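Chain by chain, the residues:
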Protein chains: 2
Amino acid sequence: MSTIKDVAQEAGVSVATVSRVINQNGYVNEDTRKKVENAIIKLNYQPNSIARSLYKKESKTIGIIVPDITNPFFPELVRGVEDYLIRNGFTTILCNSDEDADKERLYLEVMKQKYVDGLIIVSNTINEQLVQQFDRPIVALDRSIHKNIPTFAIDNREGGRRATQHLLDIGCQKVAHIKGPDQIENSEARYKGYLDVINNNELVVSGHYDLKKTAQATIELLQHHPEIDGVFAGNDIMALGVAKAADYLNIKVPNELAIIGFDGINLSEMTSPELSTISQPIYEMSTEAARALISLIEGKVIEKIDYEFPFTLIQRQSTKR
Amino acid sequence: MSTIKDVAQEAGVSVATVSRVINQNGYVNEDTRKKVENAIIKLNYQPNSIARSLYKKESKTIGIIVPDITNPFFPELVRGVEDYLIRNGFTTILCNSDEDADKERLYLEVMKQKYVDGLIIVSNTINEQLVQQFDRPIVALDRSIHKNIPTFAIDNREGGRRATQHLLDIGCQKVAHIKGPDQIENSEARYKGYLDVINNNELVVSGHYDLKKTAQATIELLQHHPEIDGVFAGNDIMALGVAKAADYLNIKVPNELAIIGFDGINLSEMTSPELSTISQPIYEMSTEAARALISLIEGKVIEKIDYEFPFTLIQRQSTKR
DNA sequence: GTCTAATGTGTAACCCGTTACATATATCAT
DNA sequence: ATGATATATGTAACGGGTTACACATTAGAC
């Protein structure tokens, strides 16, 4: 690979002039510019971003930490982020944390050493102190991680209310909730939304955001409470678990049992029956997060700390009676 | 952030000595080592990998190019790669190419400038010339991209045979195939596998690896050919499309119509009915690809060019009569 | 005691861009 | 004509590591 020196030599100018041509700053005579440009083409010169990073202390790289890219919610987030970033000259380092504080620490350390310009984090477990120490911009996606870190998410509690209300609206008499893991902000919020609507008549069981556990838990729940005719699952995967339980027990969806999920991942319309769900604007949330991160990296001030996005209820077969 | 100079000063030695301690090479007296280590701890020193990269011309970073992380097959691949790499001191840059040659070119260029140490590519469209010019190790995952680039995949044709044969084995009389896009190596291979078994009795339609198109195409196919009682879909997503079509037409799976997919993505066991499928060892394939890539980066010679992995037929509800 | 090899440490060049600063010429106002 | 300003370009320091090379000391062999 040729270097800026080679180009300078080829064009008969100094490296400073070449640099000026490349970065389009400073004064460069038109003829000189031409010479340099020709030299660049002739040598097929591509600037070494490592060298540039070293001096500028920036890498045009950001890290995104998600629990597990294998979980269908996250690819859609990551895609939105990556799309926006590549269009704006940044590359994206992917990190799967498994919600493990040690792995998160490791990633944070590596990112710091590699001078990533900023971080987008989806995490419940991350150590706040570590985040505070990280001296570059960070934004939180889908769930908050610290009160003074910009957060891009929907109002999960309100979403929980809407989902629950929807089940009542279509005529459900007894609505149960399959809850995500305790201690996780979003699953608690969705649960609270459910309680807001159901008041004192709740029937709740935990599905731990896991399909198989949910199916198992739901089977037991339905066996003990055959009166249940509607289920609000804490996310789409758990909703699928509920659907499997229904299938197993030979309960007809939606007529004997209506099901609504949460998130609106692509998967929710792939299944039979298609799932009703509270659909988050996943792609938009993630591009907005990326946009804000870049603003912060560029030293701009951003408007708010809390970016709340609208969700929509999508009614599909699983609640269409 | 403190630099190696700060550490040197703190420890009362030269930067060379600090470097030796950090990299554990060259001679360092035990006492000196202790002093340096203490200084490192005291200053919370973390070496700047950019500076190191500049000199060593390596970045401890690799790029993985996939068509679209949003397609459920790829997160599993990417996860395997990322897991293996982070454990071995590498970070992973994610690239979504959308099978677009221009985007691939852009990514290749950026990766080169950023001195990524190697590339893992999943692509049908990538420009062979560009790949050849890229002067660092590359491996191909899931599908080949060039005859002298190491490839990690299964025998798709044989997989197609097994899938088709399975449908016959369970008693299907008329087996159709929903084919992936033309020109794509893997979908052609699976198709050929189907033909191998079916000979002269084929019934094929294209689903373009897309769920909705597949559902639509399948509905038409089944309406014209009600005698079809088994479908081999070119991947799991298309198999889901077939299942939807069956649902729409009120055809019972598996008894009136057996369905088998291909890939064995997690999704295939999430649905009702659960999908039979030709399961690829996705995680293993990807970690092996990552392992080989690292070997190449380290300048080792690897054993072969063609890494063929075993697949397994998983029989689930959709073909369990 | 002398020679060689192993051990220990520092100096400075190097990786490849960016940019502050110096210098020089051209342009313009007065 | 004179000084101020805009234009044009080069030199060299800098970012933060790594390492070749030089030099000094110590250990071991005979």
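Every residue gets a number counted from 1 within its own chain, in the order that chain's sequence is written. Lettering for chains starts from A, numbering for ligands starts from 1, and both go in the order in which the items are written. Given that the model is predicted, a residue must reach a pLDDT of at least 70 before its local features are reported, and side-chain atom pairs must reach 80 or more before they are shown or counted; all residues, however, enter totals for whole chains, interfaces and linings. Excluding hydrogens and water, the side-chain values take into account all heavy atoms of the structure.

In this section: the nonpolar core. For soluble globular proteins, nonpolar side chains are generally found buried alongside one another. For the purposes of this section, nonpolar cores are sets of buried Ala, Val, Leu, Ile, Met, Phe, Trp, Tyr and Cys residues that join through side-chain atoms within 4.5 Å. Here the term buried applies to any residue with accessible area under 20% of the maximum for its type, exposed to any over 50%, and partly exposed to those in between, with areas from a 1.4 Å probe on protein chains only. In terms of nonpolar packing, the biggest core is built from 128 residues, with Ile120 and Leu141 of chain A together with Ile120 and Leu141 of chain B touching the most fellow members. Two residues form a contact once any of their heavy atoms are found within 4.5 Å. Discounting chain neighbours no more than four positions away, the residues touching Ile120 of chain B are Ile62, Gly63, Ile64, Ile65, Val81, Val139, Leu141, Ala289, Ala290 and Leu293 of chain B. Core analysis: the next-biggest nonpolar cluster, separate from the first, contains 36 residues, Leu108, Leu119 and Leu130 of chain A together with Ile145 of chain B among them.

So, on to the packing of aromatic side chains. A pair of Phe, Tyr and Trp rings is counted when the ring centres sit within 6.5 Å of each other, with Trp represented by its six-membered ring. The angle between the planes then sorts it: under 30 degrees is stacked, over 60 is edge-to-face, the rest tilted. A full pass over the atoms with the stated rule returns 8 aromatic pairs over all chains. Here the aromatic rings of Phe152 of chain B and Tyr307 of chain B are separated by 4.3 Å at their centres, their planes lie at 15°, and the arrangement is stacked. Placement of Phe152 of chain B in strand 5 (residues 151-154) and of Tyr307 of chain B in strand 11 (residues 306-309) is noted, with a sequence separation of 155 residues between them. Each of the two residues, Phe152 of chain B as well as Tyr307 of chain B, counts as buried. An aromatic cluster of at least three residues, connected via ring pairs, comprises Phe152, Tyr307 and Phe309 of chain A. We call a charge positioned over a ring when the NZ of a Lys or the CZ of an Arg lies within 6 Å of the ring centre and within 35 degrees of the ring normal. The positively charged end of Lys179 of chain A is found above the aromatic ring belonging to Tyr191 of chain A, 5.3 Å away from the centroid. Helix and strand definitions here come from DSSP, where helices need a minimum of 4 consecutive H or I residues and strands a minimum of 2 consecutive E residues; each element is numbered from the N-terminal end.

What follows deals with the protein's contact with DNA strand D. Taken together, the neighbourhood of DNA strand D is formed by 29 residues, with Arg20, Tyr27, Thr32 and Lys57 of chain A together with Arg52 of chain B sitting nearest. Considering the 4 Å shell around the protein, atoms of DNA strand D inside it are sugar or phosphate in 62% of instances. Whenever a nitrogen or oxygen atom comes within 3.5 Å of another N or O atom, the pair is scored as a polar contact, on the condition that within protein one atom can donate a hydrogen and the other can accept it, and that pairs from neighbouring residues in sequence are kept only if both atoms are in side chains. At 2.4 Å, a side-chain N or O of Thr32 of chain A approaches a phosphate oxygen of DNA strand D. For the surface near DNA strand D, the leading source of residues is helix 4 (residues 49-56) of chain B, giving 5 residues. Taken together, the residues of the surface near DNA strand D sort by class into 14 nonpolar, 10 polar and 5 charged. We define proximity as follows: a residue is near a molecule or strand when any one of its heavy atoms falls within 4 Å of that partner. Residue polarity follows a fixed list, in which Ala, Val, Leu, Ile, Met, Phe, Trp, Tyr, Cys and Pro are nonpolar, Asp, Glu, Lys and Arg are charged, and the others, Gly among them, are polar.

Quoted interface sizes are often the accessible area lost when the parts come together. Taken together, the contact between chain B and chain A spans 56 residues of the former and 56 residues of the latter. Two parts placed together each lose some accessible area under a 1.4 Å probe, and adding up what both lose gives the buried area. In this assembly, chain B packs against chain A so that about 4,700 Å² is buried in total across both faces, 56% of it on carbon and sulfur atoms. One speaks of a salt bridge when a side-chain nitrogen belonging to Lys or Arg is within 4 Å of a carboxyl oxygen belonging to Asp or Glu. Between Arg79 of chain B and Asp98 of chain A there is a salt bridge whose closest N-O contact spans 2.7 Å. There are 31 residue pairs in polar contact (both at pLDDT 80 or more) connecting chain B and chain A. The element contributing the most residues to the side of chain B that touches chain A is helix 6 (residues 101-113) of chain B, with 8 residues. Tallied by class, the residues present in the side of chain B that touches chain A amount to 24 nonpolar, 15 polar and 17 charged.

Further remarks concern the state of the cysteines. Pairs of cysteine sulfur atoms within 2.5 Å are what we label disulfides. Applying the stated rule across the entire model yields 0 disulfides over all chains. Cys95 of chain A forms no disulfide, and the closest cysteine sulfur to it belongs to Cys95 of chain B, at a distance of 14 Å. Accessibility expressed as a relative area gives 0% for Cys95 of chain B, which makes it buried.

Let's shift gears to the packing of helix 1 (residues 4-11) of chain A against helix 2 (residues 15-23) of chain A. All names here are of chain A. For the pair helix 1 and helix 2, interaxial distance at closest approach is 8 Å and the crossing angle is 105°. One way to sum up the angle between helix 1 and helix 2 is to call them roughly perpendicular. Within the contact between the two elements, helix 1 uses Ile4, Lys5, Val7 and Ala8 and helix 2 uses Val15, Val18, Ser19 and Ile22. Here the residues of the contact of helix 1 with helix 2 sort into 6 nonpolar, 1 polar and 1 charged. Axis lines are fitted to C-alpha atoms, over the contacting stretch for helices. Their N-to-C directions set the angle, which ranges from 0 to 180 degrees. Every angle not falling under 35 degrees, over 145, or within 65 to 115 is termed oblique; those three ranges are roughly parallel, roughly antiparallel and roughly perpendicular.

This next bit is on the UniProt feature "domain: HTH lacI-type" (unreviewed entry) in chain A. UniProt positions are given in the numbering used here, feature names are shortened, and annotations may be inferred rather than shown by experiment. In the numbering used here, UniProt assigns the feature "domain: HTH lacI-type" (unreviewed entry) to residues 2-56 of chain A. Helix makes up 71% of residues 2-56 of chain A and strand 0%, whereas the separation of the span's terminal C-alpha atoms amounts to 21 Å.

The next thing to look at is the protein's contact with DNA strand C. Taken together, 26 residues sit near DNA strand C, with Arg52 of chain A together with Arg20, Tyr27, Thr32 and Lys57 of chain B positioned nearest. The sugar-phosphate share of atoms of DNA strand C within 4 Å of the protein amounts to 65%. The separation between a phosphate oxygen of DNA strand C and a polar side-chain atom of Asn23 of chain A is 3.1 Å. Interatomic distance of 2.7 Å between a side-chain N/O atom of Thr17 of chain B and a phosphate oxygen of DNA strand C. Tallied by class, residues from the surface near DNA strand C come to 12 nonpolar, 9 polar and 5 charged.

Residue and element names in this part refer to chain A. A pair of strands is labelled paired if DSSP reports no fewer than 2 bridges between them. Taken together, the 6 strands give an open sheet; going across it, the order is 7-6-8-9-10-12, and neighbouring strands pair in mixed fashion. Each edge of the open sheet carries a strand with a single partner, namely strand 7 (204-206) and strand 12 (312-314). Each strand of the sheet is rotated relative to its neighbour by a mean of 20°, with strand direction disregarded. Two elements, strand 6 (residues 175-179) and strand 8 (residues 230-233), share 4 bridges in a ladder whose sense is parallel. Residue Ile178 lies in a different strand from strand 8, and its bridge partner there is Ala233.

Before going further, it helps to examine the domain arrangement of chain A. Bear in mind that the domain bounds are from an automatic or database domain assignment. Each domain of chain A was delimited in the assignment, giving domain 1 (4-47), domain 2 (61-154 + 282-310) and domain 3 (156-280 + 313-319). Put simply, the middle of domain 1 of chain A and the middle of domain 2 of chain A, counted by C-alpha atoms, are 37 Å apart.

On to the pattern of salt bridges. All chains considered together, the criterion is met by 44 salt bridges over all chains. Across the pair Asp263 of chain A and Arg190 of chain A runs a salt bridge, and its minimum N-O distance is 3.3 Å. Here Asp263 of chain A, found in strand 9 (residues 258-263), pairs with Arg190 of chain A, found in helix 9 (residues 185-198); they are 73 residues apart in sequence, far enough to count as distant. Just as Asp263 of chain A is buried, Arg190 of chain A falls in that class too. A salt bridge links Asp182 of chain B to Lys179 of chain B, with the shortest nitrogen-to-oxygen separation between them at 2.5 Å. Residues joined by salt bridges that share partners form a network here, namely Asp68, Asp98 and Lys103 of chain A together with Arg79 and Asp83 of chain B.

A separate point is the sheet that holds strand 9 (residues 258-263) of chain B. Residue and element names in this part refer to chain B. Pairing within the open sheet is mixed, and its 6 strands lie in the order 7-6-8-9-10-12. Among the strands making up the open sheet, the edge pair consists of strand 7 (204-206) and strand 12 (312-314). Taken pair by pair, the neighbouring strands of this sheet meet at an average axis angle of 20°, ignoring direction. Judged from the 3 bridges that link them, strand 8 (residues 230-233) and strand 9 form a sheet pairing that is parallel. Counted as the bridge partner of Val231 is Ile259 from strand 9. Along the sheet, helix 11 (residues 236-248) contacts strand 6 (175-179), strand 8, strand 9 and strand 10 (276-279); its crossing angle with strand 9, the most-contacted strand, is approximately 160°.

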